[in-house]
Protein chains: 2
Amino acid sequence: MTEHSPLILLVEDEPQLRRFLRPMLRAQNYRLVEAETAREGVALAHSHNPDVILLDLGLPDGDGVEVTRQIRVWSPVPIIVISARGKEQDKVGALDAGADDYLIKPFGSAELLARLRVALRHAARGSLATPDAIHTFGDVRVDLGRRTVHRGEVEVHLTPHEYKLLVTLIHNVGKVVTHRQLLREVWGPGAQENHYLRVYMGQLRQKLEEDPARPRWLATDAGVGYRLRDEPAR
Amino acid sequence: MTEHSPLILLVEDEPQLRRFLRPMLRAQNYRLVEAETAREGVALAHSHNPDVILLDLGLPDGDGVEVTRQIRVWSPVPIIVISARGKEQDKVGALDAGADDYLIKPFGSAELLARLRVALRHAARGSLATPDAIHTFGDVRVDLGRRTVHRGEVEVHLTPHEYKLLVTLIHNVGKVVTHRQLLREVWGPGAQENHYLRVYMGQLRQKLEEDPARPRWLATDAGVGYRLRDEPAR
DNA sequence: CGCGATCTTGACGCTTTCTTGATCCGGCGC
DNA sequence: GCGCCGGATCAAGAAAGCGTCAAGATCGCG
């Protein structure tokens, strides 16, 4: 992956800070891609597959924490958050969402570079075991990076909830995932109406199973939860 | 490696801070080993192979940075440095010596715990493909992580009660588990009708034993309880 | 504001699981 | 042999859980 020098994705809306960071990183011989918005950041993370992401939390079009979560769905790339917000709550939120480090503005350039080196160390070691960004079962192919699902050649459209549900099952292939856990992952910590799950599992089966009435992959464990099989039933 | 909860090595000479951290970490169900000196820290890192090291820089018998360097010679275990020194120079030195994070005293407990979780995430990813806890007897394989049961190659479906009952027996493999205890574990504290047990043990034998009428693993101790043998009968 | 897509909710029939009672079995003391 | 006891087995009804459909509510976008 790193034939060349490490590639850094900088997601930052303040031109001032970018003008400060750009020459600093270039001077270390890092390659650099820049995004100014959350949306653009996620897109560039997809398309450029950087070795490290430097992410400002305060973006014009959305929360940086949400960016972190979205990237974490498919990539273990190290994410260093930089933020003006120094409250403990902010740090914990970002770190638990999947960030690897949290720097408070203003920060010293030497410290940033040192933490960047730590992140790159991790990336180098981690890349040996990079989880597959594409998951397949039967004739279904789920590209976690592109957020697309295909059956054979044709693309299948999934709604946001359907997709999140599927991703959660994929992250636990072979394991039974309890109702509680699925609800928490997909609907957030408040939900407990597991009637949702029946409806949405039904829709997933409708879209992904050959015979939705006799599912071979999306299995039910009555009274416990659901599970994506790693080998087909029957 | 992590059959149990994560093991943390705390290298810290101030008794005051240890008294603060100890209950906090224990409360998170982490296991804890403590060292008061640099020398002891390196020794315990060797002997206990912790999942994370919390390392104070200011130790009586040597520099924490040196400890980091020594451990890095042979182990990639995540090291979180905690230090009163907040100078950028200190951070860079520690991080470049191999530390993964650097916290300045005083720090909030929530932040420490969040950074600890980050470190544990890294540690977990380093050890490829964490195998589940699996228990086998005869041709039966119980995967406790996936909540699945196999006989030979074919999967056996167990209802929630059947599964709970089996797991309880597995947790006490080789030992007799009394009727009372089984009922409490599986049906909750209210139950006392041990007719349940006969029915459900029968179903388990039906599903798991070669000759359900002559069980070789799921043994009855008349008047006392049931027991999962650790070696087959006869 | 209006439209389509998505989400939520309720109703209903079906399947699985649980509970319970009836019956059977084998050992033991009388 | 007979009656008793704890355990095993079987089956049927009750209860809980599941799948499906569809009608509204809500959201997002133009």
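Presented here is a report on the structure given in the accompanying data block. (Residues numbered from 1 in each chain as written. Chains lettered and ligands numbered in written order. Predicted model: local features only at pLDDT ≥ 70, side-chain atom pairs only at ≥ 80, totals over all residues. Heavy atoms only, no water.)

Residues and elements named next belong to chain A. Every buried residue of helix α7 (residues 179–187) is listed here: His179, Leu182, Leu183 and Val186. The buried residues of α7 occupy an angular sector of 100° when the element is viewed end-on, so they sit on one face. Of the surrounding elements, those touching the buried residues of α7 are α6 (160–171), β12 (177–178), α8 (195–208) and β14 (225–228). With its phi angle positive at about 90°, Gly188 sits one or two positions after the end of α7. (Buried < 20%, exposed > 50% of the residue type's maximum accessible area, 1.4 Å probe, protein only. Helix = DSSP H or I, 4+ residues; strand = E, 2+ residues; numbered from the N terminus. Arc of directions from axis to C-beta. Contact = heavy atoms within 4.5 Å.)

This part takes up the sheet that holds strand β13 (residues 218–221) of chain A. All names here are of chain A. Strand order in the open sheet made by the three strands is β12-β14-β13, with antiparallel pairing throughout. Every other strand in the sheet has two partners, leaving β12 and β13 as the edge strands with one partner each. Bridging between β13 and β14 involves four bridges; their strand directions are antiparallel. Residue pairing across strands places Leu218 opposite Leu228, the latter belonging to β14. The strands touched by α8 are β13 and β14; relative to β13, the strand with the most contacts, the crossing angle is about 150°. (Pairing = 2+ DSSP bridges. Axes fitted to C-alpha atoms, helices over the stretch in contact; angles between N-to-C directions.)

Below, the discussion takes up helix α3 (residues 64–72) of chain A. Residue and element names in this part refer to chain A. Restricting attention to buried positions, one finds in α3 the residues Gly64, Val65, Val67, Thr68 and Ile71. Buried residues along α3 cover an arc of 155° about the axis, so they all sit on one side. Each element contacted by the buried residues of α3 is listed here: α2 (38–48), β3 (52–56), β5 (62–63), β6 (79–83) and α4 (88–97). Measuring from the backbone nitrogen of Val65 back to the side-chain oxygen at the start of α3 gives 3.2 Å, which picks out Asp63 as the cap. (Polar contact = N/O pair within 3.5 Å; in protein donor to acceptor, adjacent residues only side chain to side chain.)

Residue and element names in this part refer to chain B. In this sheet, strand β10 (residues 148–151) lies alongside strand β9 (residues 140–143) in antiparallel orientation, the contact comprising four bridges. Residue Asp143 lies in a different strand from β10, and its bridge partner there is Thr148. In sequence, β9 turns back onto β10 through a hairpin of four residues, with Arg147 there showing a positive phi of about 60°. Sheet topology note: the β10/strand β11 (residues 154–156) ladder contains three bridges and is antiparallel. Bridge pairing links Arg151 to Val154 in β11. Hairpin remark: β10 followed by β11, antiparallel, with two residues in the connecting loop; positive phi at Gly152, about 65°.

Turning to the protein's contact with DNA strand D, a few remarks are in order. If you check the shell around DNA strand D, you find 21 residues, and the closest are Arg205 and Tyr226 of chain A together with Thr220, Gly223 and Tyr226 of chain B. What you see for DNA strand D is that sugar and phosphate hold 64% of its atoms within 4 Å of the protein. Tyr226 of chain A is positioned with one of its side-chain polar atoms (N or O) 2.7 Å from a phosphate oxygen of DNA strand D. Only α8 of chain A together with α8 (195–208) of chain B provide two or more residues apiece to the surface near DNA strand D. Counting residues per element, the surface near DNA strand D draws most heavily on α8 of chain B, which supplies five residues. Taken together, the residues of the surface near DNA strand D sort by class into eight nonpolar, nine polar and four charged. (Near = heavy atom within 4 Å. Nonpolar A, V, L, I, M, F, W, Y, C, P; charged D, E, K, R; others polar.)

A word on the environment of Gln203 of chain A. Considering the arrangement of structural elements, one finds Gln203 of chain A in helix α8. Sequence-wise, Gln203 of chain A and Leu158 of chain A are 45 residues apart; in three dimensions their C-alpha atoms are separated by 9.1 Å.

Turning our attention to the pairing of strand β7 (residues 101–104) of chain B. Residue and element names in this part refer to chain B. In this structure, strand β6 (residues 79–83) lies alongside β7, joined through four bridges in parallel fashion. Its bridge partner lying in β7, Ser83 is registered against Ile104. A crossover links β6 with its parallel partner β7, the connecting element being helix α4 (residues 88–97), and its sense is right-handed. (Right-handed = clockwise from strand over helix to strand, strands pointing away.)

Before going further, it helps to examine the protein's contact with DNA strand C. As a structural note, the neighbourhood of DNA strand C is formed by 19 residues, with His157, Thr159 and His161 of chain A together with His157 and His161 of chain B the closest of them. A breakdown of the atoms of DNA strand C within 4 Å of the protein gives sugar and phosphate a share of 68%. Note that a phosphate oxygen of DNA strand C is positioned 2.9 Å from one of the side-chain N or O atoms of Tyr196 of chain A. Between DNA strand C and Trp187 of chain B there is a distance of 2.8 Å, counted from a phosphate oxygen to a side-chain nitrogen or oxygen.

In short, the description is geometric, and any link to function would need to be established separately.
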